Amino acid sequence: MANGVFHTRYGIEINLHRKDLANPDREHLLEEITQPVGRRARDLLQCLEDRNGGECQCALDGKTPWMFVRRQRRSGQLVWEAAHLPLTHVATSQESDKHKAMRERIARTATRHGLDVQTEARSEDGRVVTDVLVTGAGARVGWEAQYSPITANTVRRRSARARARARGIAPLWVTGDATSQLIDSAPWTPRPYTHCGAMPGGSEPRASYWHACRPWDLRGVPRP
């Protein structure tokens with residue numbers, strides 16, 4: 001249980017133990033955050049620990065970093081507390097179709113330009129699954145197509161795990177959502193087919209560098 005949450009739409013922290021929720025200028029905030037989850041965005045409220053880059057144990061134990069608010073009795077008093085939502089999000093048919101189409105497009109483009117391609121590639125310990133693993137002479141890039149809600153901390157954690165467990169795979173996320181929290185949390189691109197220069201030898205790719213990077217540039221040969 002938690003006494004605070006982060007409001008992802010307003011960009012504010014909410015203290016549930018304060019009468020004004022630490023936001024005195026938002027008169028109807030309590031009414032908004034206590035409505036049933038089915039009537040508001042599932043990712044409206046986020047765990048503060050996860051938001052601040054910490055290791056939230058509830059999220060690591062299989063729950064989401066998204067929260068809901070409910071009344072609980074503590075020491076004979078009713079108080080507001082936040083709890084984690086379970087992992088019940090199932091990708092919509094539209095999300096699934098977009099994910100599949102993007103994965104196939106990345107694989108097809110990389111293959112056409114002579115790169116080694118693996119889809120749904122697993123690390124040796126089986127704990128990391130990469131949508132499309134593209135290998136060239138200069139690097140290995142793990143493309144991740146993301147169309148369902150995800151937190152910035154989850155993106156950073158999965159990216160770090162890919163590097164550590166999958167022999168130095170450089171992650172590259174793809175999203176069509178301009179509001180996605182993965183943006184600038186890790187290397188990302190809104191589309192995998194706009195040109196960028198060749199990857200500098202031995203350097204760690206930055207988000208600004210990988211933005212809109214073609215997979216065939218991994219060979220170190222700039223293409224028009």
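These lines cover the structure that appears in this document, whether it is placed above or below. (Residues numbered from 1 in each chain as written. Predicted model: local features only at pLDDT ≥ 70, side-chain atom pairs only at ≥ 80, totals over all residues. Heavy atoms only, no water.)

## Some remarks on the overall build of the protein chain
- The secondary structure content of the protein chain amounts to six helices and 10 strands.
- When burial is assessed residue by residue, the protein chain has 41% of its 224 residues classed as buried.
- Within the protein chain, counting contacts between residues at least 6 apart in sequence, those at least 24 apart form 47% of the total. (Helix = DSSP H or I, 4+ residues; strand = E, 2+ residues; numbered from the N terminus. Buried < 20%, exposed > 50% of the residue type's maximum accessible area, 1.4 Å probe, protein only. Contact = heavy atoms within 4.5 Å.)

## Quick word on the nonpolar core
- Within the largest apolar cluster, 15 residues are counted, with the highest numbers of intra-cluster contacts made by Ile14, Leu16, Ile33, Leu45 and Val69.
- The set of elements that each furnish at least two residues to this core consists of strand 2 (12-15), helix 1 (29-33), strand 3 (45-47), strand 4 (63-74) and strand 5 (77-86).
- With residues near it in sequence (within four places) discarded, Ile33 still touches His7, Ile14, Leu16, Leu21, Leu45 and Val69.
- Ranked by size, the runner-up nonpolar core spans 12 residues in total, among them Met102, Ile106, Ala110 and Trp143. (Core = buried A, V, L, I, M, F, W, Y, C linked by side-chain atoms within 4.5 Å.)

## Observations regarding the environment of Leu115
- Counting through the fold element by element, Leu115 comes out in the loop between helix 4 (93-112) and strand 6 (116-122).
- Here Leu115 falls in the buried class, since its relative accessible area comes to 7%.
- Separated by 19 residues in sequence, Leu115 and Val134 place their C-alpha atoms 6.6 Å apart.

## Quick word on the sheet that holds strand 9 (residues 170-174)
- Spatially, 6-7-8-9-10 is the arrangement adopted by the five strands of the open sheet, whose pairing is mixed. Looking at the sheet topology across the chains shown, the edges are occupied by strand 6 and strand 10 (188-189).
- Inspection of the sheet shows strand 6 paired to strand 7 (residues 129-135) by six bridges, in the antiparallel sense. Along strand 7, the bridge assignment pairs Asp116 with Thr135. (Pairing = 2+ DSSP bridges.)

## Points about the pairing of strand 5
- Here nine bridges tie strand 4 to strand 5, and the two strands are oriented antiparallel to one another. Residue Lys63 lies in a different strand from strand 5, and its bridge partner there is Pro86.

## Topic: unusual backbone geometry
- Non-glycine residue Glu120 carries a positive phi angle of around 50 degrees.
- The backbone phi angle of Asp184 is positive, close to 65 degrees, even though this residue is not glycine.
- Structurally, Asp184 is set in the loop between strand 9 and strand 10.
- Residue Asp184 is classed as exposed on the basis of its relative accessible area of 59%.

## Describing the packing of aromatic side chains
- This structure, assessed with the given rule, holds zero aromatic pairs.
- The ring of Tyr10 has Arg26 sitting right over it, with the charged end atom 4.0 Å from the ring centre. (Phe/Tyr/Trp six-rings, centres within 6.5 Å; stacked < 30°, edge-to-face > 60°. Lys NZ or Arg CZ within 6 Å of the ring centre and 35° of its normal.)

## Details of the pattern of salt bridges
- Counted according to the given criterion, the structure contains four salt bridges.
- For Glu81, the salt bridge is made with Arg74, and the minimal N-O distance between the two is 3.0 Å.
- For Arg74, a relative accessible area of 37% corresponds to the partly exposed category.
- When the shortest N-O distance is used, the salt bridge between Glu120 and Arg103 registers 2.6 Å. Placement of the pair is Glu120 in strand 6 and Arg103 in helix 4, with a sequence separation of 17 residues.
- Residue classification places Glu120 among the partly exposed positions, given a relative accessible area of 37%. (Salt bridge = Lys/Arg side-chain N within 4 Å of Asp/Glu carboxyl O.)

## Let's talk about the side chain of Glu81
- Within the secondary structure, Glu81 sits in strand 5.
- Only 3.0 Å separates the side chain of Glu81 from the side chain of Arg74, close enough to count as a polar contact. (Polar contact = N/O pair within 3.5 Å; in protein donor to acceptor, adjacent residues only side chain to side chain.)

## Topic: the environment of Gly176
- Along the polypeptide, Gly176 turns up in the loop between strand 9 and strand 10.
- A residue is classified by how much of its surface remains accessible, and Gly176, at 62% relative accessible area, is exposed.
- Spatially, the C-alpha atoms of Gly176 and Tyr147 are 6.8 Å apart, while their sequence positions differ by 29 residues.

## Some thoughts on the side chain of Gln146
- Within the secondary structure, Gln146 sits in the loop between strand 8 (140-145) and helix 5 (152-165).
- Residue contacts for Gln146: discarding those within four places in its chain leaves Arg158, Trp173, Val174, Thr175 and Leu182.

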